[in-house]
Amino acid sequence: MTARLRMSGVRKSFGATLALNNVSFEVGPGEIHALIGENGAGKSTLMKILSGALPADAGRIELDGQPFVPENPLHARRSGIAMIYQELLLAPHLSVEENILLGEEPGRFGWPSRTRGRELARHALAELHHENIPLHVPVNRLTIAEQQIVEIARALVRAPKMLIMDEPTSSLTQVDAENLFRAMKRLRQRGVSIVYISHFLEECQRVADRYTILRDGESVGTGVMAEADLNGIIRLMVGREIKEIYPRIPHELGPPVLEWIGLGGETRPRSANLTLRQGEILGIAGLIGSGRTEALRVFFGLDRLARGRVSVFSRESTRGTPTRRLAEGIGLLSENRKEEGLMLNRTLADNLTVTRYGVLSRLGWISSRLQENCARAWMQRLDVRARSPRQCISELSGGNQQKVAVGRLLHHDAAILLLDEPTRGIDVGSKVQIYRLMGELASQGKAIIFVSSYLPELLGVCDTIVVMCRGVLSGVRPAGEWTEHSIISAAIGQNEPAAN
Amino acid sequence: MNDTPRQFNLFALLNAVGPFLGLMLVIGLFSLDSEVRSYFLTGANFKTIFIQTVIVAIGALGMTMIIVSGGIDLSVGSVVALTGVVGAVSMVQGCPPAAAIALTILVGGLVGLINGAVIAGLGMMPFIVTLGMMGVARGVAKWLARSQTVDAPNSPIDHLMAVVEPLQLFPLPIGVWIAVCLAVAMAVVLKKTIFGRYVFAIGSNEATARLCGIRVRTMKVAIYSLAGLLFGLAGLMQMSRLAQGDPTVAIGLELDIIAAVVIGGASLNGGTGSIMGSMIGALIMAVLRSGSMQMGWPNYMQEIIIGIVIIAAVGVDRLRHGRAPS
């Protein structure tokens, strides 16, 4: 049986940096192939070469046994290679149908054929078992998970031989991810080959048939997923042993520092209740759209608070603005690093210190020296890899950017940290550093609310967990009393989880 | 991590001196012709260029701040006309020059305050609000001046922009020195103070600025008001130069000012820009005007050339940034 895709000896350099060196990569027909590696290992570069976005310096690519040199993205697409990017690339104001057909509108002499187009779009959605998504609605009214489905449907309309999915689940909840996996398996049955890139190794293990590991631009291992063991894969990825993915640092719980009673926003959350104690890591689980992010935003004063009461450090403080919350010693890490979390065209130092220039300045004048020293200290403490504090933040990798965003809360010396999806889309090494940091902060008596859609990390890191369901948050319980199964049951609204 | 430090420094250097190189290039081009050079490369000519730059330069100080914060102000030309008229009318009515100066500048600040309050308070697009204000301020100017020019009585204000004899570079009129001092002050404010960093922060990402506890609305009101004071000062310079308040003067001035800021490397998306760049941008435009005149090119040639320079400046900027591997 010939492979659907065979890449061998692929090399690519940017200036003096060798991004890919002698990479071999092989995918069979109707196979889901996990491409695994830390950020910067070269996964995206390899896939960009395959999809025609970048030319390779050397190497050979065969598609169904025929030599294939992708000249540009259009050529690759015409050859049956479809790529779904990490960031959603939909036109937000166009309808679902228009987005699915974009660039491939069936028609004649420039006049689109409405009926055939609708049929095609509907068929693509049906194939993914998402007929429920209405065709005429603008995509910006859909949830992120639904938008993801639209994006995949768009790729399907082109009847691809190969589908490349770059971190498709990073913004999905477990339930939506399950749907996606089912859709992937159906595509596999049709003979479509899928390259699946994800930082969630457990997911790769469940969904993929085979895997290839990249490290520092080289392929360091490939094999059958069912025979692989997770620790071995991690060892190959990072080139070193990570002893514990979820390091536990002992810490003690103190008095309550934060209390929400019936906190409600305009639409979400409907009623959020919790008590957070000093030195506690409290996890909030739930589906996307259940109102977890909104609860943090309403509390932090970014969205309007409609009802409920809040006390901070045992003092009534219901109505807050971000300025006031920061003054109270509360910091929020946004789930959306690019659009809200960071000022992408500013320097690392500015992003790190913006909430607390006071200690770096006198009478409104900022001392560049103090700021630089301060940023350098945090860079070292958080292991941020960058050339200098004056480097533009957009030049850093996702993991390093995230560390800077977390570093801002540390520089602010926040006593209560609200972390919304802090590990989304970052590599395993950075994730472990963030887990460890959370433990250290808790042991220093900081209180942390940790919102995550990734259950293993919630169960691994948190002291207590609470599940948000349809805008209602209540019933905090120790992490030990939860299982993945019981959390999912609670998230989708089944009253009492089954025994297993 | 894909580019080496050496390349990085080269880019940084280009970014810093790019507009300056542009200015040198323009001056160099006009100096090629030896006949023109004998007029063009003289102290007297540069004195004229500096005086002609003052109004655009002072306007560009405020505009840089606004554009860096992600906004825009289209009402500058009208505000310059309005404040000039206010100054002239108040002196005709018997105000002492000092009071007239204060009034002129404060009216500019008031217009800015209204702009800022509407933009921040109602969350409206700066483009729309200031487009409206462009009409309102121009209309009020004509109303106050009864649609005529108002001759200002002789006063020390006339010296601000007067071409002082002898015909050499120095002494420069006091208006030029005011512009230079303000430029230095604004550059320091934008670069070195918390206020300045907040301006950049808001322009770079308003959502982040809010998340980081910056009072975005208050800041916007402050930014437009401060810029308004500067536009009022530009109006004073305009009045000094004409020795009258003219309600129909400075039509399209806002576009010259925006062009100067953009040539100087600012992005209309906000978050980037510098006072130094904007000042050089303003000088480039004045040098182009002066040079074209000395070459004997007709007016329409100047307009075409300046238009091309604006597009080219931003295009070069784009290429420079596009070079960095994504």
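Residues numbered from 1 in each chain as written. Chains lettered and ligands numbered in written order. Predicted model: local features only at pLDDT ≥ 70, side-chain atom pairs only at ≥ 80, totals over all residues.

## Observations regarding the overall build of chain A
So the rule is basically this: Here a strand is any run of E in DSSP of at least two residues, a helix any run of H or I of at least four, and the numbering for each starts at the N terminus. We compute the radius of gyration from the C-alpha atoms alone; for a globule the expected value is 2.2 Å times N to the 0.38, where N is the number of residues. Between the buried cut of 20 or more and the exposed cut of 12 or fewer other C-beta atoms within 10 Å of a residue's own C-beta lies the partly exposed class, and all C-beta atoms are placed from the backbone. Here contacts are defined at the residue level, using C-beta atoms placed from the backbone and a cut-off of 7 Å between them.
Along its length, chain A carries 17 helices and 25 strands. For a compact globule of 500 residues, the expected C-alpha radius of gyration is about 23 Å, and chain A comes in at 24 Å, within 12% of that figure. Structurally, chain A occupies a C-alpha span of about 70 × 50 × 50 Å along its principal axes. Looking at chain A as a whole, 49% of its 500 residues qualify as buried. Summarising the internal contacts of chain A: among those between residues at least 6 apart in sequence, 69% fall at separations of at least 24.

## Focus: the overall build of chain B
A count of helices and strands for chain B gives 13 helices and 2 strands. Relative to its length of 326 residues, chain B is compact, with a C-alpha radius of gyration of 20 Å against a globular reference of 20 Å. Its C-alpha atoms give chain B principal-axis dimensions of about 65 × 55 × 35 Å. Across the 326 residues of chain B, 48% fall into the buried class. In chain B, once contacts between residues fewer than 6 apart in sequence are set aside, the share between residues at least 24 apart is 78%.

## Looking at the packing of helix H4 (residues 76-92) of chain B against helix H10 (residues 216-242) of chain B
Relative placement of two packed helices is described by the angle separating their axes and the distance separating the axes. All names here are of chain B. What counts is decided by this rule: Simply put, an axis is a line fit to the C-alpha atoms, just over the touching stretch for a helix, and the angle between two N-to-C directions goes from 0 to 180 degrees. Small angles under 35 degrees read as roughly parallel and large ones over 145 as roughly antiparallel, with 65 to 115 read as roughly perpendicular and the rest as oblique. By convention, the crossing between two helices is left-handed when the near helix turns anticlockwise from the far helix through less than a right angle, and right-handed when the turn is clockwise.
Two numbers describe how H4 lies on H10: the axes approach to 7 Å, and their chain directions differ by 60°. As the angle between them shows, H4 and H10 are arranged oblique. In this structure, the crossing between H4 and H10 has a hand that is right-handed. In contact with Val-76, Val-79, Val-80, Leu-82, Thr-83, Gly-84, Gly-87 and Ala-88 of H4, H10 contributes Gly-228, Phe-231, Gly-232, Ala-234, Gly-235, Leu-236, Gln-238 and Met-239.

## Re the interface of chain B and chain A
Put simply, the test is: Asp, Glu, Lys and Arg are counted as charged, while Ala, Val, Leu, Ile, Met, Phe, Trp, Tyr, Cys and Pro are counted as nonpolar; the rest, among them Gly, fall into the polar class.
Taken together, the 25 residues of chain B in the interface contact 27 residues of chain A. When contributions to the side of chain B that touches chain A are tallied by element, the ones reaching two or more residues are helix H1 (5-30), helix H8 (194-204) and helix H9 (206-211) of chain B. The dominant element in the side of chain B that touches chain A, judged by the number of residues it contributes, is H8(B), at 6 residues. Grouping the amino acids of the side of chain B that touches chain A by side-chain chemistry returns 10 nonpolar, 10 polar and 5 charged.

## Observations regarding helix H6 (residues 174-189) of chain A
Residue and element names in this part refer to chain A. Test applied: Residue count minus one, scaled by 1.5 Å, sets the expected span of a helix. Our arc is simply the arc of the directions from the helix axis toward the C-beta atoms.
With 16 residues, H6 ought to run about 22 Å at 1.5 Å a step, and its terminal C-alpha atoms sit 23 Å apart, in line with that. Inspection of H6 places Gln-174, Asp-176, Ala-177, Leu-180, Met-184 and Leu-187 among the buried residues, and these make up the whole buried set. Buried residues along H6 cover an arc of 150° about the axis, so they all sit on one side. Residues of H6 that are exposed and point over 90 degrees away from its buried face: Lys-185 and Gln-189. The positive-phi residue at the C-terminal boundary of H6 is Gly-191, with phi of around 95°.

## Thoughts on the pairing of strand E14 (residues 271-277) of chain A
Residue and element names in this part refer to chain A. Selection rule: For two strands to be treated as a pair, DSSP must find no fewer than two bridges joining them.
A one-sided burial pattern is seen for E14, the buried positions being Ala-272, Leu-274 and Leu-276 and the unburied ones Ser-271, Asn-273, Thr-275 and Arg-277. Relative to E14, strand E13 (residues 256-265) runs antiparallel, the two being bridged by 5 bridges. Within E14, the residue paired with Leu-258 across the bridge is Leu-276. As defined by bridge partners, E14 adjoins strand E24 (residues 472-473) across 2 bridges and the pair is classed as parallel. Counted as the bridge partner of Ser-271 is Val-472 from E24.

## Comments concerning the environment of B:Ile101
Residue and element names in this part refer to chain B. Mapped onto the secondary structure, Ile-101 falls in helix H5 (residues 97-122). Accessibility expressed as a C-beta count within 10 Å gives 23 for Ile-101, which makes it buried. Considering only alpha carbons, one finds Ile-101 and Thr-48, 53 residues apart in sequence, at a separation of 24 Å.

## A short note on unusual backbone geometry
The omega torsion across A:Arg268 and A:Pro269 is -5°, close enough to zero to call that bond cis. The phi dihedral of A:Asn22 is positive, around 55°, even though this residue is not glycine. The exposure class of A:Asn22 is partly exposed, given the 14 C-beta atoms found within 10 Å. Even without glycine at this site, B:Ala243 takes up a positive phi of about 60°.

## Some thoughts on the packing of helix H3 (residues 43-68) of chain B against helix H12 (residues 275-294) of chain B
All names here are of chain B. Contact pair H3 / H12: the axes reach a minimum separation of 8 Å and the direction vectors enclose 140°. Judged by the angle between their axes, H3 and H12 are oblique. Of the two elements, H3 crosses H12, and the hand of that crossing is right-handed. Here H3 contributes Asn-45, Thr-48, Ile-49, Gln-52, Thr-53, Val-56, Ala-57, Ala-60, Leu-61 and Thr-64 to the contact with H12, which in turn contributes Ile-275, Ser-278, Met-279, Gly-281, Ala-282, Leu-283, Met-285, Ala-286, Val-287 and Ser-290. Residue classes in the contact of H3 with H12 are distributed as 12 nonpolar, 8 polar and no charged.

## Focus: the nonpolar core
This is how the line gets drawn: Here, a nonpolar core denotes buried Ala, Val, Leu, Ile, Met, Phe, Trp, Tyr and Cys residues that are linked to one another through C-beta atoms within 7 Å.
The biggest cluster of nonpolar side chains holds 163 residues, and the ones touching the most others in it are A:Leu418, A:Met438, A:Ile448, A:Phe450, B:Ala57, B:Ile58 and B:Ala60. Top contributing element to this core by residue count: H3(B), with 14 residues. A:Met438 has contacts with A:Ile281, A:Ile448, A:Phe450 and A:Val461, leaving out every residue within four places of it along the chain. One finds A:Leu120, A:Ala145, A:Ile152 and A:Ile213 within the second-largest nonpolar core, a separate group that totals 70 residues.

## Description of the sheet that holds strand E11 (residues 210-215) of chain A
Residue and element names in this part refer to chain A. Taken in spatial order, the 6 strands make up an open sheet running E6-E9-E10-E3-E11-E12, and their pairing is mixed. On the outer flanks of this sheet lie strand E6 (81-84) and strand E12 (218-224), each paired with one strand and no other. Each strand axis lies, on average, 20° off the axis of its neighbour in the sheet, ignoring direction. As judged from the 6 bridges shared by E11 and E12, these two strands associate in the antiparallel manner. In the sheet register, Tyr-211 faces E12, and the bridge partner there is Gly-223. Strands strand E3 (32-36), E6, strand E9 (162-166), strand E10 (193-197) and E11 of the sheet are contacted by helix H1 (residues 43-50), whose axis makes an angle of about 150° with E9.

## Topic: the pairing of strand E23 (residues 464-469) of chain A
All names here are of chain A. The element E23 is extensively covered by neighbouring structure, given that 5 of its 6 residues are classed as buried. Two strands pair when backbone bridges link them, and strand E15 (residues 281-286) and E23 are joined in this way by 5 bridges, in the parallel orientation. Residue pairing for E23: Gly-286 is matched across the bridge by Met-468. Alignment of E23 against strand E25 (residues 477-478), held across 2 bridges, turns out to be antiparallel. The residue of E25 that forms the bridge with Ile-465 is Arg-477. Bridge analysis of E23 against E24 gives 2 bridges, and the strand direction is antiparallel. Residue Cys-469 lies in a different strand from E24, and its bridge partner there is Val-472. The antiparallel hairpin formed by E23 and E24 contains 2 residues in its connecting segment, where Arg-470 sits at a positive phi of about 50°.

## Section: the confidence of the model for chain B
All names here are of chain B. The following threshold applies: For every residue, the predictor states its confidence as a pLDDT score lying anywhere from 0 to 100.
Overall, the predicted model of chain B reaches an average pLDDT of 89, with 92% of residues at or above 70. Summarising per-element confidence for chain B, the mean pLDDT is lowest in H1 (73) and highest in helix H6 (residues 126-144) (97). Counting interchain partners and residues more than four positions distant, the pLDDT-below-50 stretch residues 1-7 has 13 contacts.

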